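Structural characterization, general
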Amino acid sequence: MYQLSTLDNGIRVYSERMDNVRSVSIGVWFRVGSRDELPGQYGLSHFLEHMFFKGTAKRDALTIAQDFESLGAEQNAFTSKEYTCYYSRVVDDKLEPVFEIIADMLTGSLFAQSEIDSEREVVIEEIARSEDNPQDYIFELFSEAALPGHSLGRQIAGSRESVGSFVHDDCLNYLQAHYHADNCIVVACGNVDHQALLDLTDRYLGSLPGGERAARDDAPVKPESFKLMQKETEQANLIYGTPGIPLGDEDRFATMLLDTALGGGMSSRLFQEIREKRGLAYAVYSTSMSYIGEGSFVIYVGTRPDNLREVIEIIIDEIKKMLSLGMDTLELERMKDYLVGHTVLSQESTAARMIRLGTNAVNDLPIYSLDEVIDFLRAVSLDDITRVSQRLLTPSPTVAVISPFATDELQAELAALMG
């Protein structure tokens, strides 16, 4: 299990020791993401993540990269809708110099206008790349329709227009508003001593000032039924989704098992019916996307346009079967065995453990041991699956499609198909 301490300035420091490794995965997390952006700031959380690598008072961008590489470190960062993480994986005796570089980036970045002007082009290219990849962009379309007008429905990267407007003061003001000690946690997993990590955090981030957390109180929204885009693609990319469970919901373990049975693995019902039996798709899966206060349960399929109608019919049919017949004991136990094994294997790397610990900690969720998670999965009953199936599969769906079909005709056909 992990150890937790809190610095005088409010930063929480978590560590989980793994004695059989020589590496450490370190992450500095901030409770800020795209849902915290105000009008005029859309995409700024992600843009700031980029800018932290563009130069400090001590290092320019090249020196930052060279200093990480000279330590043999893997390093990167990511921005989500609700948090941002700056992380590195390094040999244990190089933890301090790696921590110093990360801290320098987070506390000493200059946000030079020349670098902003250059990096905005990189991010606009990233946005264009996403739009050109329908397998990724379909999730953006779905979020816009499932949560219209909601902060969680916006694209993390923002738009070309919003990114094109950012200047030095925008970065500095956003930094001061969100990159403070009360929004910050430090997480390290691997061959790490907790007191040594605490001392490093105090040395390099102990001067980080406190601040106020942004409120997250979006009003409920009514999902749209369709979000369709006409695009000349070889495949039709489809998401069929319903309102899901929020982070920390008591049904999350039953949802994991339902997801696994319906579309989460190679033996799942949708994978077998759509891909293995009928050969209608290469990629088919379901997943649960959970956020604070909101969630979505989605099914994704990429198929040839001519197969789109048949695929949707199969999805609707398999959902009806799950609702009417449920799962039997044998299938439920098989799903439990799969998830338990997958969970155990996924936690054998320091990086995976750091991400798991950090994700729960930054969202103020309970942090369970691996054995506790396994016990929760094993405790799920057939009645739990029935209840969660009703909760997730009976609401009216939101359907997002990117395909070569004209949207008006496609929407009319889909509306008739789904009754």
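A brief structural summary. None of the values given here were measured: they were computed from a predicted structure.

**Some details on the side chain of Ser 34**
- Checked against the element boundaries, Ser 34 lands in the loop between β3 (23-30) and α1 (44-51).
- Not counting chain neighbours up to four residues away, the residues in contact with Ser 34 comprise Ser 45, Ser 80, Lys 81, Arg 154, Gln 155 and Ile 156.

**Thoughts on the sheet that holds strand β2 (residues 12-17)**
- The mixed open sheet is built from six strands, whose spatial order is β1-β2-β6-β3-β5-β4. If you trace the sheet from one side to the other, it starts and ends with β1 (3-6) and β4 (74-79), each paired once. Shown here is a sheet whose adjacent strand axes are inclined to one another by a mean of 15°, direction ignored.
- One ladder, built from seven bridges, connects β3 with strand β6 (residues 184-190); its direction is antiparallel. Looking at the pairing, Val 24 lines up with Gly 190 of β6.

**With respect to the packing of aromatic side chains**
- Inspection of the entire model under this criterion finds 16 aromatic pairs.
- Each ring, one from Phe 52 and one from Tyr 86, has its centre 5.3 Å from the other, and the planes form 90°; the classification is edge-to-face. Note that Phe 52 is positioned in the loop between α1 and α2 (61-70) and Tyr 86 in strand β5 (residues 84-91), a separation of 34 residues in sequence.
- Its relative accessible area of 1% is what places Tyr 86 among the buried residues.

**Observations regarding the side chain of Arg 154**
- Assignment of secondary structure puts Arg 154 in the loop between α5 (134-146) and α6 (160-163).
- The side chain of Arg 154 is buried and forms no salt bridge, while Glu 37, the nearest opposite charge, is found at 4.4 Å.
- At a separation of 3.1 Å, a polar atom in the side chain of Arg 154 contacts the main-chain carbonyl oxygen of Glu 37.
- Arg 154 has contacts with Ser 34, Arg 35, Glu 37, Tyr 42 and Lys 81, leaving out every residue within four places of it along the chain.

**What about the pattern of salt bridges?**
- As enumerated under the stated definition, the model contains 35 salt bridges in all.
- Linking Asp 364 and Arg 12 is a salt bridge whose minimum nitrogen-to-oxygen distance equals 3.4 Å. Of this pair, Asp 364 sits in the loop between α13 (350-362) and α14 (370-378) while Arg 12 sits in strand β2; the two residues are 352 residues apart in sequence, bridging distant segments of the chain.
- Two residues, Arg 59 and Glu 100, come together in a salt bridge whose shortest N-O distance is 2.6 Å. Of this pair, Arg 59 sits in the loop between α1 and α2 while Glu 100 sits in helix α3 (residues 95-108), and the two are 41 residues apart along the sequence. The two residues Arg 59 and Glu 100 agree in class, both being buried.
- Here the salt bridges do not stand alone but share partners, grouping Lys 58, Arg 59, Asp 67, Glu 100 and Asp 104 into one network.

**Topic: the environment of Ala 77**
- On the secondary structure map, Ala 77 appears in strand β4.
- The buried category is assigned to Ala 77, whose relative accessible area is 9%.
- In this structure, the C-alpha to C-alpha distance between Ala 77 and Leu 393, residues 316 residues apart in sequence, is 35 Å.
- Each residue touching Ala 77, except ones within four places of it in the same chain, is listed here: Glu 49, Phe 53, Cys 85, Tyr 86 and Tyr 87.

**Quick look at the packing of α2 against α3**
- Contact geometry for α2 and α3: axes closest at 10 Å, N-to-C directions at 160°. Looking at the two axes, α2 sits roughly antiparallel to α3. Like other packed secondary-structure pairs, α2 and α3 cross with a definite hand, here left-handed. For the pair α2 and α3, contact is made by Ile 64, Asp 67 and Phe 68 and by Val 98, Ile 101, Ile 102 and Met 105, respectively.
- Within the contact of α2 with α3, the residues separate by chemical class into six nonpolar, no polar and one charged.

**Structural notes on a negative patch on the surface**
- On the surface, a cluster of negative charge is contributed by Asp 8, Asp 193, Asp 199 and Asp 202.
- Secondary-structure assignment places Asp 202 in helix α8 (residues 194-205).
- When its relative accessible area of 46% is taken as the criterion, Asp 202 is described as partly exposed.

The rules behind these values
Residues numbered from 1 in each chain as written. Predicted model: local features only at pLDDT ≥ 70, side-chain atom pairs only at ≥ 80, totals over all residues. Heavy atoms only, no water. Helix = DSSP H or I, 4+ residues; strand = E, 2+ residues; numbered from the N terminus. Contact = heavy atoms within 4.5 Å. Pairing = 2+ DSSP bridges. Axes fitted to C-alpha atoms, helices over the stretch in contact; angles between N-to-C directions. Phe/Tyr/Trp six-rings, centres within 6.5 Å; stacked < 30°, edge-to-face > 60°. Buried < 20%, exposed > 50% of the residue type's maximum accessible area, 1.4 Å probe, protein only. Lys, Arg positive; Asp, Glu negative; His and termini not counted. Salt bridge = Lys/Arg side-chain N within 4 Å of Asp/Glu carboxyl O. Polar contact = N/O pair within 3.5 Å; in protein donor to acceptor, adjacent residues only side chain to side chain. Parallel < 35°, antiparallel > 145°, perpendicular 65-115°, else oblique. Left-handed = near helix turned anticlockwise from the far one by under 90°. Nonpolar A, V, L, I, M, F, W, Y, C, P; charged D, E, K, R; others polar. Patch = residues over 30% accessible without salt bridge, like charges linked within 9 Å, V, L, I, M, F, W, Y side chains within 5 Å. Areas by Shrake-Rupley, 256 points an atom, 1.4 Å probe, with all protein chains shown as cover. Charge placed at Lys NZ, Arg CZ, Asp CG, Glu CD.

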